[in-house]
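Each chain is listed here by its residues.
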Amino acid sequence: MSTYSFQEHFDEKLDKDQTIEPKDWMPENYRKTLIRQISQHAHSEIIGMLPEGNWISRAPTLRRKAVLLAKVQDEAGHGLYLYCAAETLGISRDEMYEQLHSGKAKYSSIFNYPTLTWADIGAIGWLVDGAAIMNQVPLCRTSYGPYARAMVRVCKEESFHQRQGFEIMLTLANGTDIQKKMAQDALNRWWWPSLMMFGPNDADSPHTEQSKKWRIKRLTNDELRQKFIDVTVEQAKVLGLSIPDNDLKWNEERQHFDFGKINWDEFWNVVNGNGPCNKQRLDMRKNAWEEGRWVRDAAMAYAEKNKVKTEKQAA
Ligand code: 3HC
């Protein structure tokens with residue numbers, strides 16, 4: 001088939017809402033966009049383990065410790081599914097890690113903020129995983145098959161993550177005055193960075209228009225952000241906590257909440273490496289990579305030894 005008919009076939013599959021699979025022909029830029037988005041998604045899951053991991057040994061009860069341990073382990077699994085999905089597009093695990101460690105690849109800016117109190121763990125589950133679910137549910141219908149299928153499993157676990165975070169916030173909000181203050185302080189610090197998770201405004205997003213054409217994105221950054229705000233503001237009312245935005249107001253005509261301006265200078269400052277924890281997060285990942293080298297070498301040596309043994313037996 002000529003490239004033109006390959007393109008026609010690709011477009012036809014998209015129009016019929018069929019998934020594109022690893023062995024299908026795809027435009028090079030479609031492949032590149034998916035490698036960029038899926039690998040950065042995977043990096044976000046792995047780096048996202050760090051702020052919460054910080055509180056596993058400090059959890060206030062054994063139950064909270066067990067739940068947080070399970071959540072952090074889930075995030076590791078999400079990262080691995082996503083690295084595997086990205087590998088089906090022709091990039092190696094080592095290349096992806098090199099891109100992360102060298103700063104060439106991004107990960108979600110939200111994970112560059114510190115977790116100062118136990119309430120931050122509640123706010124992360126409630127807001128960050130809540131935003132992740134809002135963004136990831138449509139990705140269960142993204143046009144690239146391996147990515148969509150990875151998302152189905154991820155979303156099931158994210159719901160548990162969001163629920164446990166909300167329960168922590170509800171416990172604190174219904175607790176002592178100090179606990180309620182701790183919950184409000186965490187909401188104040190995590191609200192705006194959570195809105196930034198959805199990416200820049202559509203008008204400033206270089207990728208959204210094409211990603212929508214390719215059905216990689218089903219909804220735009222602004223549409224998802226608005227959905228998140230509309231749902232989460234109501235949840236804050238149940239908690240009895242106030243959203244740190246004086247411009248937040250229900251707009252009867254739009255049937256959505258109007259909200260204040262996002263500080264995009266802060267967003268790009270953190271994305272470009274100048275957030276409160278960027279250096280600490282990347283240093284931890286690079287140290288883990290170095291300290292784990294002997295494990296990788298041993299596993300490869302064992303696999304090689306086994307391969308030789310199996311070949312001898314087969315001969
Ligand atoms: N943090 C860091 N960089 C961001 C960002 C964020 N929150 N939002 C956007 N960017 C970057 C983009 O990566 C892009 O840079 P690049 O060209 O170097 O990759 C640039 O800003 C322009 O943004 P666009 O909106 O045009 O880029 P995208 O079309 O890729 O949209 C996205 C950004 C909405 C994050 C999209 O990539 C996406 O939906 N990714 C999948 C979901 C994901 O990665 N979520 C991250 C959080 S994972 C998580 O929360 C785990 C949970 O368990 C806690």
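Residues numbered from 1 in each chain as written. Predicted model: local features only at pLDDT ≥ 70, side-chain atom pairs only at ≥ 80, totals over all residues. Heavy atoms only, no water.

Regarding the overall build of the chain
A count of helices and strands for the chain gives 13 helices and 2 strands. Here the C-alpha radius of gyration of the chain, 21 Å, is about what a compact globule of 315 residues would show, namely 20 Å. With the principal axes as the frame, the chain shows a C-alpha extent of 75 × 45 × 35 Å. Burial status across the chain gives 49% buried among its 315 residues. (Helix = DSSP H or I, 4+ residues; strand = E, 2+ residues; numbered from the N terminus. Rg over C-alpha atoms; globule rule 2.2 N^0.38 Å. Buried < 20%, exposed > 50% of the residue type's maximum accessible area, 1.4 Å probe, protein only.)

With respect to the side chain of Q37
Mapped onto the secondary structure, Q37 falls in helix α2 (residues 28-47). The residues touching Q37, leaving out its near neighbours within four places in the chain, are L139, Y147 and I216. (Contact = heavy atoms within 4.5 Å.)

Considering the pattern of salt bridges
Tallied over the full model, the rule gives 23 salt bridges. A salt bridge links E234 to K237; the nearest nitrogen and oxygen atoms lie 3.2 Å apart. Here E234 pairs with K237, and both are found in helix α10 (residues 221-239), just 3 residues apart, close to one helical turn. Judged by relative accessible area, K237 falls into the exposed class, the value being 52%. Here the residues in one salt-bridge network are E52, K71, E75 and D129, joined through shared partners. (Salt bridge = Lys/Arg side-chain N within 4 Å of Asp/Glu carboxyl O.)

A word on the site of the ligand
Taken together, 32 residues form the shell around the ligand, and within it E75, K106, E158, S205 and H207 come nearest. A distance of 3.0 Å separates an oxygen atom of the ligand from a polar side-chain atom of Q40. The side chain of N221 places a nitrogen or oxygen atom 2.8 Å from an oxygen atom of the ligand. If you list the elements that add at least two residues to the shell around the ligand, you get α2, α6 (118-136), α7 (145-173) and α11 (264-274). (Near = heavy atom within 4 Å. Polar contact = N/O pair within 3.5 Å; in protein donor to acceptor, adjacent residues only side chain to side chain.)

Concerning α6
Counted at 1.5 Å a residue, the expected span for α6 with its 19 residues is 27 Å, and the 26 Å between its end C-alpha atoms agrees. By the largest-angle criterion, I124 marks the main kink of α6, which is about 30 degrees. Taken across its 19 residues, α6 has 18 buried, putting it largely inside the fold. Two or three places before A119, at the opening of α6, T117 has a side-chain oxygen 3.1 Å from that residue's backbone nitrogen. (Expected span 1.5 Å × (residues − 1). Bend = angle between axes of the 7 residues up to and from the residue.)

Some remarks on unusual backbone geometry
Where the residue is not glycine, phi is negative for most of them; where a peptide bond is considered, it is trans in most cases. With a phi close to 55 degrees, R215 is a non-glycine residue in the positive phi region. When you line up the elements, R215 lands in the loop between α9 (208-213) and α10. Judged by its relative accessible area of 24%, R215 is partly exposed. Positioned with a positive phi, Q255 is a non-glycine residue whose angle comes to about 60 degrees. Looking at the secondary structure, you find Q255 in the loop between β1 (249-251) and β2 (256-258). On the accessibility criterion, Q255 (42% relative accessible area) is partly exposed.

Some thoughts on the nonpolar core
Residues W118, W126, L127, W190, W191 and F228 are the most contacted members of the largest nonpolar core, which totals 50 residues. No other element matches α6, which puts 10 residues into this core. Those residues in contact with W190, other than ones at most four positions away along the chain, are I110, Y113, P114, T115, D120, A123, I124, L127 and V128. Judged by nonpolar contacts, the second largest core, of 27 residues, contains L34, I38, Y83 and Y144. (Core = buried A, V, L, I, M, F, W, Y, C linked by side-chain atoms within 4.5 Å.)

Purely geometric stuff here, so don't read any function into it on its own.
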